[in-house]
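Each chain is listed here by its residues.
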Amino acid sequence: DLSWKCQQPGKDSQADLCSITIDRVESLIVAGRLDDLRSRLCSRMSFGTAGLRAPMGAGFNRINDLTIIQSTQGLFSYLSRYFPDFSSRGLVVGFDTRGHEESGCSSQRLAKLTAAVMLSRDVPVHLFSTFVPTPYVPYAVKKLGATAGVMITASHNPKEDNGYKVYWCNGAQIASPHDKEILRSIEEQLEPWSASCWEEELVEKCSLRTDPLTQINSCYMDELTSLCFHRDLNSSCSLKFVHSSFHGVGHVFVQQAFQTFGFTPPIPVPEQKDPDPNFPSVRCPNPEEGESVLELSLLLAERENAQIVLATDPDADRLAVAERSDSGWKVFTGNELAALLGWWMFFNWKENNSNPGDIQGVYMLATTVSSKILKAFARAEGFHFEETLPGFKWIGNRIHELSKTGNKVIFSFEESIGFLCGSMVPEKDGVSSAVVVAEMASYLHNKNLSLNQQLHNIYQTYGYHISKTSYIVCNHPPTIQRIFSRIRNFDSEGSYPKTCGGAQIIHVRDVTTGYDSSQPDLRSVLPVSRSSQMITFTLQNGVVATLRTSGTEPKIKYYTEFCAAPGKSDVTTLEEELKKVTTALLDEFLEPEKNNLIRRFV
């Protein structure tokens, strides 16, 4: 008996009170769609990158009213056990602009239901009254002293998806063991507690609900001025900027940030500035895809004679940047933009700190699959650089740890266009990054330099770092397991590959198993992460290559980078060598044709 009101073995009845999702399941029953029903009803979502992410729709492995209520009940149960003062500190809840007509879901409705569950148990909720950038939730958690925060968003995922992203009291995304404990608590609290949990109207009439929007927005913009170093140049800046918010939340907040820095606000892309959950003007709402999805922004910039295009993803935590030159548009990769922002943040730190000894407390952070350019900066300049596992939750938690010992993180990034200048919020932030890029571009323009020219100046000084980042799609999890098992037993059992593209592999680090051939005890310094696959190869020719699985999508991602020494500036030779290694990494290690993998063509 596959019905929406069915019982899972050993579980209480999970009754859905949403007529739309009930009707959908009943229509599948009538149509005899058993495979679809099994997919929806016989498995549950599990916590991935700091929370849940899945398509909206009917079913226990979809995002909908019932599964959000169940998730919030589990979150309440865990937080009330962990924090003795939970009932006074409360929870922050924010949401983006997503919606799904077929299931009746919208981010706003799901945020109200999240709040309703907490309010029904007399827990105060700081629920934003309108959509906000994702970084506003962790910022509010810290500013208001809340125990945790929930952001309803699927970031740049396809329009059918939504998510439930959880932040801890330190403002960072939740990490182990909290994620596993919350999931266990969810599974113990599947039966909706009361009718109040379904009452989104509760947020309008309960005195325990507050709206932090005005306070948090004001504090955020005030604190943003700490990243403004050349306000005198900004007001007279002759550069023109175009901004796209990709039908998401970014327009209003980026405009305000520009005004805070003394700039004229950027020109918005009219077709994309207003929220629209259908994302009608883009093939996919992910500015990381580059020029193919920035078409309207680039066309507008050409009409308006604007030099810089800024694009924030739908929840405004990521940033893409393009610059016009005589030869056309340059769309910067996440690694290239990090080189510029890392240089900029350290340049201004030096300008404002006269005591050389202070550098001992300065840090920059990057995920291990990102460019090693910050490592080159640190080696030359004397500050500290650290790598984390992929995912900004690791960076956010490390920022918190370093701040407790009086250290200062001035820049952090992940290659998937996620940047954090300073440390005012322990999360990647497209709003602050956009206006910092604008000020950097304005300053360089005043020196008759473009962003791209300065990037090459950086590479000349610290060594060229040329990278390639992409992915292939694999919709069959057992195939992924087989591919990585083969890599770990390449020539014989327990033997990794010895060469790649003709270059000798001198070190192998396997974070999944905890192996690292470069360490005296052969144990990885980075934490073991058995829930995903990730292997890094260091080659004798200076290339570093990583293969890893995505935590949210059916992808095997690959990252290759040629880390050249300063003075080695024959870029064509470096690019050819990198291309050879990258091709071999795919063809020899992943065998796309044999394994029916789908290559990415953009």
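About the cut-offs
- Residues numbered from 1 in each chain as written.
- Predicted model: local features only at pLDDT ≥ 70, side-chain atom pairs only at ≥ 80, totals over all residues.
- Heavy atoms only, no water.
- Helix = DSSP H or I, 4+ residues; strand = E, 2+ residues; numbered from the N terminus.
- Rg over C-alpha atoms; globule rule 2.2 N^0.38 Å.
- Buried < 20%, exposed > 50% of the residue type's maximum accessible area, 1.4 Å probe, protein only.
- Contact = heavy atoms within 4.5 Å.
- Areas by Shrake-Rupley, 256 points an atom, 1.4 Å probe, with all protein chains shown as cover.
- Core = buried A, V, L, I, M, F, W, Y, C linked by side-chain atoms within 4.5 Å.
- UniProt positions renumbered as here; feature names shortened; annotations may be inferred.
- Pairing = 2+ DSSP bridges.
- Axes fitted to C-alpha atoms, helices over the stretch in contact; angles between N-to-C directions.
- Salt bridge = Lys/Arg side-chain N within 4 Å of Asp/Glu carboxyl O.
- Domains from an automatic or database assignment.
- Parallel < 35°, antiparallel > 145°, perpendicular 65-115°, else oblique.
- Left-handed = near helix turned anticlockwise from the far one by under 90°.
- Nonpolar A, V, L, I, M, F, W, Y, C, P; charged D, E, K, R; others polar.
- Phe/Tyr/Trp six-rings, centres within 6.5 Å; stacked < 30°, edge-to-face > 60°.
- Lys NZ or Arg CZ within 6 Å of the ring centre and 35° of its normal.

Draft legend 1. The arrangement of the overall build of the chain in detail. Each helix and strand counted, the chain has 19 helices and 25 strands in total. Computed over its C-alpha atoms, the radius of gyration of the chain comes to 24 Å, within 12% of the 25 Å expected for a compact globule of 602 residues. Taken along the three principal axes of its C-alpha coordinates, the chain extends 70 × 65 × 50 Å. Taken across its 602 residues, the chain has 58% of its residues classed as buried. Counted over contacts in the chain with a minimum sequence separation of 6, partners at least 24 positions apart contribute 69%. If you sum the accessible surface of the chain, you get close to 23600 Å²; carbon and sulfur atoms cover 47% of it.

Draft legend 2. Representation of the nonpolar core in the model. Judged by nonpolar contacts, the single largest core of 135 residues is most densely connected at Phe411, Leu451 and Phe537. Counting residues per element, this core draws most heavily on helix H13 (residues 334-352), at 11 residues. With sequence-adjacent residues up to four places away left out, Phe537 is seen in contact with Ile487, Pro497, Ile505, His507, Val508, Val543, Val544, Ala545, Leu547, Leu585 and Phe589. Among the nonpolar cores identified, the runner-up in size contains 40 residues, and Ile68, Leu119, Val166 and Leu190 belong to it.

Draft legend 3. Fine view of the side chain of Lys372. On the secondary structure map, Lys372 appears in the loop between strand S14 (362-367) and helix H14 (373-381). Beyond its immediate chain neighbours, meaning those up to four positions away, Lys372 contacts Glu387, His465, Val544, Glu561 and Cys563.

Draft legend 4. Seen up close, the UniProt feature "domain: Alpha-D-phosphohexomutase alpha/beta/alpha" (unreviewed entry) in the chain. With numbering matched to this structure, UniProt assigns "domain: Alpha-D-phosphohexomutase alpha/beta/alpha" (unreviewed entry) to residues 45-189, 220-323 and 334-462. Here residues 220-323 runs as 29% helix and 15% strand, with 28 Å between its end C-alpha atoms.

Draft legend 5. Expanded view of unusual backbone geometry. A cis amide bond links Ser176 with the next residue in sequence, Pro177, at an omega value of 5 degrees. Considering the arrangement of structural elements, one finds Pro177 in the loop between strand S7 (161-167) and helix H7 (178-187). Backbone geometry places Glu591, a non-glycine residue, at a positive phi of 45 degrees. Among the secondary structure elements, Glu591 is positioned in the loop between helix H19 (571-590) and strand S25 (598-599).

Draft legend 6. Geometry of the sheet that holds strand S10 (residues 267-268). Reading across from one edge, S10-S9-S11-S12-S13 is the order of the 5 strands in this open sheet, with mixed pairing throughout. Bordering the open sheet on either side are S10 and strand S13 (328-331), each of which pairs with just one other strand. Together, strand S9 (241-244), strand S11 (308-312) and strand S12 (319-325) form the strand contacts of helix H16 (residues 430-446), whose direction differs from that of S12 by roughly 25 degrees.

Draft legend 7. Looking closely at the pattern of salt bridges. Overall, the coordinates contain 32 salt bridges when judged by the stated rule. Residue Arg40 is joined to Asp36 by a salt bridge in which the shortest nitrogen-to-oxygen separation is 2.9 Å. Here Arg40 and its partner Asp36 are both found in helix H2 (residues 34-41), 4 residues apart, which amounts to about one turn of the helix. Comparing Arg40 with Asp36 shows no difference in burial state: the two are buried. A salt bridge links Asp317 to Lys428; its shortest N-O distance comes to 3.8 Å. Highlighted residues: Asp317 in the loop between S11 and S12 and Lys428 in the loop between strand S17 (418-421) and H16, separated in sequence by 111 residues.

Draft legend 8. Region of the structure containing the domain arrangement of the chain. Each assigned domain of the chain is listed here: domain 1 (19-213), domain 2 (335-433 + 442-462) and domain 3 (465-599). Domain 1 and domain 3 are separated by 36 Å when their C-alpha centres are compared.

Draft legend 9. Local environment of the packing of helix H3 (residues 65-82) against H7. Between H3 and H7, whose axes approach to 7 Å, the crossing angle comes to 120 degrees. Here H7 runs oblique to H3, going by the angle between their axes. Between H3 and H7 lies a crossing whose hand is right-handed. Packed against H3, whose contacting residues are Gln70, Ser71, Gly74, Leu75, Ser77, Tyr78, Arg81 and Tyr82, the element H7 presents His178, Glu181, Ile182, Ser185 and Ile186 at the interface. Residue classes in the contact of H3 with H7 are distributed as 5 nonpolar, 6 polar and 2 charged.

Draft legend 10. Up close: the environment of Tyr459. Relative to the helices and strands, Tyr459 is located in helix H17 (residues 451-462). The exposure class assigned to Tyr459 is buried, which follows from its relative accessible area of 4%. Between the C-alpha atoms of Tyr459 and Ser569, which are 110 residues apart in sequence, the distance is 8.3 Å. Contacts of Tyr459, omitting those with residues within four sequence positions, involve Glu336, Ala339, Ile373, Tyr464 and His465.

Draft legend 11. Structural context of the packing of aromatic side chains. Scanning the model with the defined rule gives 26 aromatic pairs in all. Note on Phe411 and Phe413: the rings are 6.1 Å apart at their centroids and 15 degrees apart in plane angle, and the pair reads as stacked. The same class applies to Phe411 and to Phe413, which are both buried. The interplanar angle of 70 degrees and the centroid separation of 5.5 Å between the aromatic rings of Phe490 and Phe589 together place this pair among those described as edge-to-face. Residue Phe490 is located in the loop between helix H18 (477-488) and strand S19 (499-500), and its partner Phe589 is located in helix H19; the two are separated by 99 residues in the primary sequence. Residue class for Phe490 comes out partly exposed when judged on its relative accessible area of 26%. Counting every residue linked through ring pairs, the aromatic cluster contains Tyr78, Tyr82, Phe83 and Trp168. Here the basic side chain of Arg121 rests over the ring of Trp193, its NZ or CZ set 3.7 Å away from the ring centre. Directly above the ring of Tyr471 sits Lys555, whose terminal nitrogen or CZ lies 3.8 Å from the centroid.

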